[in-house]
Structure formats: structure tokens, C-alpha cells
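Notes for the structure review
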Amino acid sequence: MEILEIRTLRGPNYWSGYWKKLIIMRLDIGEYEDLPSDKLDGFYGRMNEVMPSLLTHGCSYGEEGGFLRRVQEGTWAGHIIEHFALELQTLAGMDTGYGRTRETGERGIYNVVFSYHEEEVGRYAARASVRLFLGLAEGKPTDEIKAEVADDIQRMREIREEVRFGPSTGSLVEEAESRGIPYIRLNDQSLVQLGYGVHQKRIQATTTANTNMIAVDIAGNKHATKTLLGDMGVPVPKGYRIRHEEELEETLERVGFPVVIKPLDGNHGKGATVGVKSIEEARVAWEKAKEYSRWVIVEKQLVGADFRALVVNNRLIAVAKRVPAHVVGDGKQTIQELIDETNSDPRRGYGHENVLTEIDIDSQTMRCIRNAGYELESVLPKGEVLYLKTTANISTGGTAIDVTDEVHPENVFLFERIARIIGLDVAGVDIIAENVSEPLHESGGGIIEVNAAPGFRMHLAPSEGIGRNVAEHVIDMLFPPGAESRIPIFSITGTNGKTTTTRLIAHILKGTGRTVGFTTTDGTYIQNQQIVRGDNTGPVSAQLVLKDPTVDVAVLETARGGIIRSGLGFDHCDIGVVLNVAADHLGMKDVNTLEDLARVKSVVPRAVSKAGFAVLNAEDPLVYKMKELVDGKVVCFSMDENNPTIKRRAERGRVSCVYENGYVTILKGKWKVRVEKATNIPLTYGGRAEFMVQNVLAATLACFVHGVSIEDIRVGLTTFNAGTAQTPGRLNFTEVGHVTVLMDYAHNPSGFQGLTKFISRLPNKYRTVVMNVPGDRRDEDIREMGEIAGNNFDRIVIRAGNYLRGREAVDIAALIQEGIARSEGEPQVRVIPESRDAIHHAIKNGRKGELVVTLADVVPDDIAYVQEIRDKMLEEQEAAG
């Protein structure tokens, strides 16, 4: 058994209309193709012993025990491994329930698909489930397997804690999602973008785009905070800032015990020690504080409980009473046993997985125990409370009690005033007081710290009292009612015409004053500035545009490769355009038929929002069928106004775009709105380039339903030229010497056929093509490209190209020649591997008025070669004449 590949889908995909986060494991089950589970001796019993919780899996029977029944009846390894991967994640605290296992076209090879919460955990679960299956199938002792499973579950928990959002960031992201606000994680920590493009707001944990950095500096300097608050009449404890240990004893005399010793610029309780009552304890606390700061604060410890007040946007949102991790003696159990019993509370878990965190026995815990005169083996007297940490942080095992409803109005005013004094939009105010139901000036309480980026966990899920949705107040602040969080997204897919249509839509929108970000096969652009060069038609490039803070509309070419590899780079789009489905890239990644390819392309219209539009080609049955998957509205385009689908839709009052009597026309029901004559649209070459007319129809309709005016569309269509500046590699004509060179990106039989149909309408008597075919096409597709060339050109120059993709150049050339041989023409054929040499040969040997076509695989290179040859010829002419 061998894992051939593990892919991660992170957005809308072709496996599921609902589950966006999926692991795809391509698995060769080897000999187990002939050994279903009912043929594996003892497998069922060992599986039940190791993973009894699989009883809950209903599988295709839809009832408890359904999966077990399938195993008894006999099912294949891939299916079993799918369920193992889901259950291992559930046991690690990440319950997720979607799985599919499908055969591929190759015997014994399956795609095992299952959902995940955290990507790295999902990938680990894939590998662990294969190990588990093999252990059970090979008869490994169950005790060993159980131990391995326990180790895997613990490791998955650890990975989750390493990679997932913390409770605070997670709550903000969850609240944003509930409002339809999209998010993009910007690093592997807690830096997150909420919203797209120009409407984005960034957060890092609970630091927001509104957070004042001067305020953060003040809050990070405990001495500056206390001085500022004290000067403003806020009750604060007496204390001093010192740098050298020699100052410690004198400072303690001035302050008086008990004291708190903490680093000047620490946070989350790091390096802080409370309840220091002797010079010996003070020296230990000093060393601990110095690990985090050069300066140390020594201040009088206030008497009372520890409270945290959360203020958001100058409003008090929640207050929690914090209690350090502790145990209460029963006169029977040892301290170790009491800690174990406390950790067995189902509310406690590893890291942030539950409401409470397990108490970890570290050096601080041992100091607390020994300072109280005990060891771990000591029996704690009945009723005695032993604190195991010096601070009350939830992350170290502390507990929180919500007391928001008990806060005295004067304290509400005080806490909100403190946040304003420091200047924080999200502030955690730490209070020591007997209670918060009396004004602090009466109870003798005081403010000990003000924290920037305070944690939310204690408020979201307190161990006692009401949980408070504090995240909603932060999102309210960042996105007030009526504020935009999204930018319009146009997603364009299909086999041919994607890049031209994308560029044309972007051009029309730019003409309306929008700042457009768009992605194509030759790069990513913000307005007309190329930001990244290369094939940028996948989710990474899409997110680059959506992350740009200047972009207010995104136009994204969306190719099959990115959809298969990772899914879409956005949750949904406003306009989804599907141009056509034709044979291209078949035989790759289990996409073997046109129907398979259509299923991949259908991800785009399926991602159209309910308020959006799917723009579909009415003449392509595979494309038009996608209307059944669309939640939004469907509009169609066609080269024929009498197309039956168009006529039916017109009778129902639907909007369409057609080519009629030489015009690009919008149909609104039965009414016609003529946009522009094709002869006035440079891209169509007077209407002769039918495939370009189709692209124009799709772009026109997409812009029209988005609300662009007819006049703006008309201006865009008539000012968009098929030159190397606006549409590189798409019907680019240039005169070189006595020949005309046409550069185009036709790279599959359908696209090449459309190009030759256009060429047949040109006046050129002689025609030459410089061609190659990418190596990842099927043999039959390569032969068909050769046959089309043989039927339409007098001379054919075959070059190696840049995308061999696992093949030898001579093998591709041989297949092209096989196709030429079965054509009806008798062209001259020459093989010249280097692209520059091949193009130079074709132009140099061209006859007067000849058309030389180059099928570009790297468009900028072909453009550069042609310009280089042209410039050199001009220089030679000038020198000669």
C-alpha cells in the first residue's frame, strides 16, 4: 500500500458543494484490491477492539453501526481508511463528518476524501489512518496498535494547538463568518484579514486595525501605565521600577510586604509573581521577572480577588473573576492525586480545546507547593486550598467566573475611563478588589495593569456564569452596520477564451473608475501594473488580489488546475462566467472525460452568491446544464439569437446577450438593446474572429448584469485592442519584413480549430505555423493538433516548447507528425527545437504576403522573439538603404 499524493482543498471544490476544507489522498491499496475486509482474517474483531467508537458511523446505511456492517459484509481498504481518518480526528477533539472514497481509472488506486478542521492535522490523520489499517490487516498485536493510536491522537492535539487560531482570534473569525464577512489568514500565527480588498480590516489576536500603537506602548510599560493612571486619579498600588538587584531590598522596605514582582513590559502573566512575603522569595521572583525584561516592577500587593474587565470601543463588555489553578484538600488524597482528579474534569482539555486547561506541573507549581510546606506526595488537609500557580491565567489551569452583571455603575464608568486614558480600542483592565459590586474607592481596590490584546477566553466560556459573545462588539467596531466587507468578484472559467474575457471585463470596469485587480495565465495585475509574472490562475493569485488594500473589484481567471489542486481562492463570487468545455488536459488528475472536466468547471457557477449571476454559454450543453447548480440568477449568451434556449428564456423575460445582424445585443425579454456593431469592436476583427465575438458576448453580459451602463460597456469594447499590450498572445498581428506574423495562445484542438476558421477568412495566400503542444496532453490530442495544422498550413515548423511535462521533445514532435500524416494536406514539415530559431526560420523563409502563425506557450517570450527579429530586419534595411 502506498500514498501517492496528499492534496489539501481550502475553498469551494468539485468534491462537495458544502465542505470547503477537504483532504484528497490518492492511495494505491496494492494487494488489498483483492482483499476486501471480509477476506481479512480477524480484521473486524481487532478493529472493534482498537476503535470501538466507530460504532457511531452510519455510513451508507444512515444508522448507528452502519459502517461496521459494511466492514462485515466486505468493503475495500480506501473506504475503511476514510472512516479511520475521520474518527482519529474526532478522538483528538476535532469532530468532522464528511468522507468519500472513489475509484480512479487505474486498478487499485483510489481517491480517499475526508474533511478536516486543521489542515496539518488532516494530513497527519491521512498517514496515521493508513498505518492503522496496515497494523490491523497484518495482525499486529492490538496492545501495540492501541498505543500507536493513543500517540497519534496526542500528536494531532499538539499539532492543532501549534497551528490553529487561539480562542480570541478564533472567536473573532467565527463572528465575522457568521455575518458573511470573509477572512484570509495572513501568516501561521494570528494575523488575519477580515474582508476583501479596499474594505479589509486586519486583526492580530485582539489587536485590531483601530488599535493605537502609542497606547500599546503605554500599556506594555507597566510603570508608565501606573504613573499615567495615578496622575489621572485612578486608584493604583504603590510601587517602583528598578533595574538592579541591589535596589531590591531597599525597595521592599519602602513598599512593604506582601508585594507583586513582575517584568516592566510583560504580558499574559509571564514572569509575574504575586504574594511575595520575604526577601528570599523576592530574589527568586526577581530572577523570573528578569527573564522577560531589563526593568522590574515591585509594587504593593492589593488585598482581594483578581478581576479582568474587558472594554471594547470605550464600552465595558464583560468582567470576570479569575482564580489561579488550585486544589482543595480532602484529608485523604495526595496533592498529585488531587491534581489528577481536577484534570479529569471533562471541561478541562489539552491547550485550548475545552473551556478549561489541564493543570501542568511545572517549576512554578513546585515552588507554590514547597512554599506551602508540601511535596506532591503530601496529603492535603481537608478544606485547605492550595494554589498551584502565582497568576490566575486560564491558559495555566485557572478558572473564571463571570460577574458582569454585578459591576457597580461607578466601576463601569471607571473602567471605561481607563481605556480612554490609555487610548486602547480593546483593553483588558486588571483589578484587585474584594468585589466589583462596590466602588473601588470604597472597597480599597485598585488597578494593577491595563493590557493591550487581552485574551477573550475567560469571557467566552467562563467556568461559572454566563458566556459573553465579546467578539461581536469588536466586529461591530470594525464593521459598523452598513459597512462593506466584500468587493465584487468576477470569476471566469472555461477551456478557451478565459484570459481575453478576463482582460476585457477588467478593461471595461477600469473605464468606470474602478481599481481593478485581475489574474491571467500571464500574470497578476493591479490596474495595468503587472505585479507577478507567470500562470496566475489559481487560488494563491486570487488571494493576492483580494489581499490588496487598493482593489475595489476583482476579475479572476479561474483555471481547472487550481480548482483541482486547492479549490477556489474565495468563498463565493458575484459573477461566475463559464465560456465553454472542450477537450483539454484530459487524462490528468482523474479528469478523463468532458463530463469530468465540466464537473471541475462547474465549481465556479456553483460558487455564485444568491444575489449574483452565472453567465453561461447557451450553445454548450455541458455548460448550460450547470444552471441546475446555481443558487443565484442565470443569464446566457449565444452567437445565435434564434437558439432555442435563448428564445425560451426570452419568452420568460430573462436577460441574454446575442450576436445578431452584426451587433452585440442585450436581450431583455423580447426587447433588444444593441450595444455595438462588431465591426467597431477591434477584438473581433470586423466580426471575422467568431471565438472573439463569443468572448465579447460573455464580457458584455457579465458587466451588464453587474450594473455597468451600456455606454460604459460600449466605450470599453471599442477601446480594447487585440495587441500585445492589452491581450498578449491573443490574435496579435505584427508586420515583420514582407510577412505578417500572428501570435496566438491556441493550445488545444478546439482553440486551434477556432483560430484556423478565423485565418481562413484572411486574404493571405500562403500560411506557415510554428507550433508545439504541451506534454501533458493526451496522445490523441497532440495528433489532432497536427492534423488541424496539416489541413490548414503550407509549412509547419515544429519546436520543442517549454512545457514538456514529463515527455521527450522528440516524442511530442513524432505525435504531431503522425497527425499531419493523416491530414488531407501535404505541407512542408521541419523540426527546429529552439523557439527563437524556429520563429526566425519561418519569418526569414516566408514568401511575400505570407501569414506566419506562432502558437505561443510562453507568450512574453514569443512576443520578444518576434520584436527582436523585426527590429533586426529594420536595422538591416536602414543600413542597406
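Residues numbered from 1 in each chain as written. Predicted model: local features only at pLDDT ≥ 70, side-chain atom pairs only at ≥ 80, totals over all residues. Heavy atoms only, no water.

**A closer look at the packing of helix 26 (residues 749-759) against helix 27 (residues 779-792)**
Packing of helix 26 against helix 27 leaves a shortest axis separation of 9 Å and a crossing angle of 10°. Relative to helix 27, helix 26 is oriented roughly parallel. Mapping the contact onto sequence places Pro 749, Phe 752, Gln 753 and Thr 756 in helix 26 and Asp 781, Glu 784, Met 785, Ile 788, Ala 789 and Asn 792 in helix 27. Residues belonging to the contact of helix 26 with helix 27 are distributed by class as follows: five nonpolar, three polar and two charged. (Axes fitted to C-alpha atoms, helices over the stretch in contact; angles between N-to-C directions. Helix = DSSP H or I, 4+ residues; strand = E, 2+ residues; numbered from the N terminus. Parallel < 35°, antiparallel > 145°, perpendicular 65-115°, else oblique. Contact = heavy atoms within 4.5 Å. Nonpolar A, V, L, I, M, F, W, Y, C, P; charged D, E, K, R; others polar.)

**Structural notes on the sheet that holds strand 11 (residues 273-276)**
Reading across from one edge, 9-12-10-11 is the order of the four strands in this open sheet, with antiparallel pairing throughout. Two strands bound the open sheet, and with one partner strand each, they are strand 9 (239-242) and strand 11. Sheet twist, expressed as the mean angle between neighbouring strand axes with direction ignored, is 20°. In this structure, strand 9 lies alongside strand 12 (residues 296-300), joined through four bridges in antiparallel fashion. Bridging from a neighbouring strand, Gly 239 pairs with Glu 299 of strand 12. (Pairing = 2+ DSSP bridges.)

**Looking at the pattern of salt bridges**
Scanning all chains against the criterion turns up 53 salt bridges. Across the salt bridge formed by Asp 345 and Arg 347, the nearest N and O atoms sit 3.0 Å from each other. Note that Lys 672 is salt-bridged to Glu 660, the shortest N-O span being 3.6 Å. Taken together, the residues Lys 672 in strand 32 (residues 671-677) and Glu 660 in strand 30 (residues 655-660) connect sequence positions twelve residues apart. (Salt bridge = Lys/Arg side-chain N within 4 Å of Asp/Glu carboxyl O.)

**Considering the environment of Thr 101**
Take Thr 101: it is sitting in strand 3 (residues 99-103). Not counting the four nearest positions on each side in its chain, Thr 101 is found in contact with Gly 78, His 79, Glu 82, Tyr 110, Asn 111 and Val 112. A distance of 3.4 Å separates a polar side-chain atom of Thr 101 from the backbone oxygen of Gly 78. Within the local environment of Thr 101, its side chain forms a polar contact with the side chain of Glu 82, the two groups lying 2.7 Å apart. (Polar contact = N/O pair within 3.5 Å; in protein donor to acceptor, adjacent residues only side chain to side chain.)

**Side note on the nonpolar core**
Core analysis: the largest hydrophobic core is formed by 73 residues, its most contacted members being Phe 752, Leu 755 and Met 771. With eleven residues, the top contributor of residues to this core is helix 24 (residues 690-706). Apart from residues no more than four positions distant in its own chain, Met 771 is found in contact with Phe 752, Met 785, Gly 786, Ala 789, Ile 796, Val 797, Ile 798, Arg 799, Ile 816 and Leu 855. Formed by 46 residues, the second largest nonpolar core is a distinct cluster that contains Trp 15, Ala 554, Leu 556 and Leu 616. (Core = buried A, V, L, I, M, F, W, Y, C linked by side-chain atoms within 4.5 Å. Buried < 20%, exposed > 50% of the residue type's maximum accessible area, 1.4 Å probe, protein only.)

**Here's the deal with unusual backbone geometry**
At the junction of Phe 257 and Pro 258, the peptide bond is cis and its omega measures out at -10° in the coordinates. Residue position: Pro 258 is located in the loop between helix 9 (248-255) and strand 10 (259-263). Positive phi values are uncommon outside glycine, yet Ala 453 reaches one of about 50°. Mapped onto the secondary structure, Ala 453 falls in the loop between strand 21 (446-452) and helix 15 (457-460). Of note, the phi angle at Leu 731 is positive, near 55°, even though the residue is not glycine. Mapped onto the secondary structure, Leu 731 falls in the loop between helix 25 (710-718) and strand 33 (732-736).

**Details of a positive patch on the surface**
There is a patch of like positive charges on the surface, built from Lys 627, Arg 648, Arg 652 and Arg 654. Summarising the element assignment, Arg 648 is placed in helix 23 (residues 644-651). Exposure remark for Arg 648: the relative accessible area of 39% places this residue in the partly exposed category. (Patch = residues over 30% accessible without salt bridge, like charges linked within 9 Å, V, L, I, M, F, W, Y side chains within 5 Å. Areas by Shrake-Rupley, 256 points an atom, 1.4 Å probe, with all protein chains shown as cover. Lys, Arg positive; Asp, Glu negative; His and termini not counted. Charge placed at Lys NZ, Arg CZ, Asp CG, Glu CD.)

**Re helix 16 (residues 471-478)**
The periodicity of an α-helix, 3.6 residues per turn, causes residues three or four positions apart to be oriented the same way. Taken across its eight residues, helix 16 has six buried, putting it largely inside the fold. Buried within helix 16 are the following residues: Ala 471, His 473, Val 474, Ile 475, Met 477 and Leu 478.

**Let's talk about the environment of Arg 367**
Structurally, the position occupied by Arg 367 is in helix 12 (residues 363-371). Relative accessible area serves as the criterion here: at 29%, Arg 367 is assigned to the partly exposed category. Considering only alpha carbons, one finds Arg 367 and Glu 281, 86 residues apart in sequence, at a separation of 9.8 Å. Beyond its immediate sequence surroundings of up to four residues, Arg 367 is in contact with Val 284 and Lys 288.

**Describing the sheet that holds strand 36 (residues 795-798)**
As summarised here, the arrangement of the six strands in space is 33-34-38-35-36-37, forming an open sheet in which the pairing is mixed. Two strands lie at the open edges of the sheet, namely strand 33 and strand 37 (828-831), each paired on one side alone. Across the sheet, the mean angle separating the axes of adjacent strands is 20° when strand polarity is ignored. On the sheet, helix 26 packs against strand 33, strand 34 (739-744), strand 35 (767-771) and strand 38 (851-855) and is oriented at approximately 165° with respect to strand 38. In the packing of helix 30 (residues 859-880) onto the sheet, the strands contacted are strand 33, strand 34 and strand 38, and the crossing angle to strand 33 comes to about 20°.

**Section: empty space enclosed by the protein**
Counting across every chain of the model gives two cavities of 30 Å³ or more. As a volume, the largest cavity reaches approximately 50 Å³. Taken together, 13 residues line the largest cavity, and the ones lying closest to its centre are Thr 537, Gly 538, Pro 539, Thr 558 and Leu 568. If you list the elements that add at least two residues to the lining of the largest cavity, you get helix 18 (539-547) and helix 19 (560-566). Class assignment for the residues of the lining of the largest cavity results in six nonpolar, six polar and one charged. The volume enclosed by the second largest cavity comes to roughly 40 Å³. (1 Å grid on protein atoms, 1.4 Å probe; cavity = no way out; pocket = protein on both sides within 12 Å on 5 of 7 lines; lining within 4 Å. Points joined across faces, edges and corners; volume = space filled by probe spheres on them.)

**Describing the pairing of strand 2 (residues 22-28)**
Within strand 2, six of the seven residues are buried, which leaves it mostly tucked inside the rest of the structure. Both strand 1 (residues 2-9) and strand 2 contribute to a ladder of seven bridges, which runs antiparallel. When the sheet's bridge partners are listed, Glu 5 is paired in strand 2 with Arg 26. Pairing geometry for strand 2 and strand 4 (residues 109-115), over seven bridges, is antiparallel.

**Observations regarding helix 1 (residues 43-50)**
Of all the residues in helix 1, the buried ones are Phe 43, Arg 46, Met 47 and Val 50. Viewed along the axis of helix 1, the buried residues span an arc of 100°, placing them on a single side of the element. (Arc of directions from axis to C-beta.)

**Focus on the packing of aromatic side chains**
Counted by the stated rule, this structure contains eleven aromatic pairs. Relative to Phe 133, the ring of Phe 43 lies with its centre 5.4 Å away and its plane at 50°, an arrangement referred to as tilted. Remark: Phe 133 occurs in helix 4 (residues 119-137) and Phe 43 occurs in helix 1; sequence separation between them is 90 residues. Given the relative accessible area of 0%, Phe 43 is considered buried. Arranged with centres 5.2 Å apart and planes meeting at 65°, the rings of Tyr 685 and Phe 733 form a pair that is edge-to-face. Note that Tyr 685 is positioned in the loop between strand 32 and helix 24 and Phe 733 in strand 33, a separation of 48 residues in sequence. An aromatic cluster is defined as three or more aromatic residues linked by ring pairs; in this entry it consists of Tyr 685, Phe 691, Phe 733 and Phe 758. The ring of Phe 165 has Arg 185 sitting right over it, with the charged end atom 4.2 Å from the ring centre. Between the NZ or CZ atom of Lys 633 and the centre of the ring of Phe 613, over which it lies, the distance is 5.4 Å. (Phe/Tyr/Trp six-rings, centres within 6.5 Å; stacked < 30°, edge-to-face > 60°. Lys NZ or Arg CZ within 6 Å of the ring centre and 35° of its normal.)

**Looking at the side chain of His 57**
Of note, His 57 is situated in the loop between helix 1 and helix 2 (66-73). Within the local environment of His 57, its side chain forms a polar contact with the side chain of His 83, the two groups lying 2.9 Å apart. Polar side-chain contacts of His 57 include one of 2.6 Å to the side chain of Glu 87. Aside from chain neighbours lying at most four places away, what touches His 57 is Glu 63, Gly 65, Gly 66, Phe 67, His 83, Leu 86 and Glu 87.

**Quick notes on the pairing of strand 20 (residues 426-433)**
Strand residues, when the strand is regular, have side chains that alternate between the two faces of the sheet. Extensive coverage of strand 20 is indicated by the burial of eight of its eight residues. Judged by which residues are buried, strand 20 turns out to be covered on both faces: Val 426, Gly 428, Asp 430 and Ile 432 on one side and Ala 427, Val 429, Ile 431 and Ala 433 on the other are all buried. Bridging between strand 13 (residues 305-312) and strand 20 involves eight bridges; their strand directions are antiparallel. Directly across from Phe 307, in strand 20, lies its bridge partner Ile 431.

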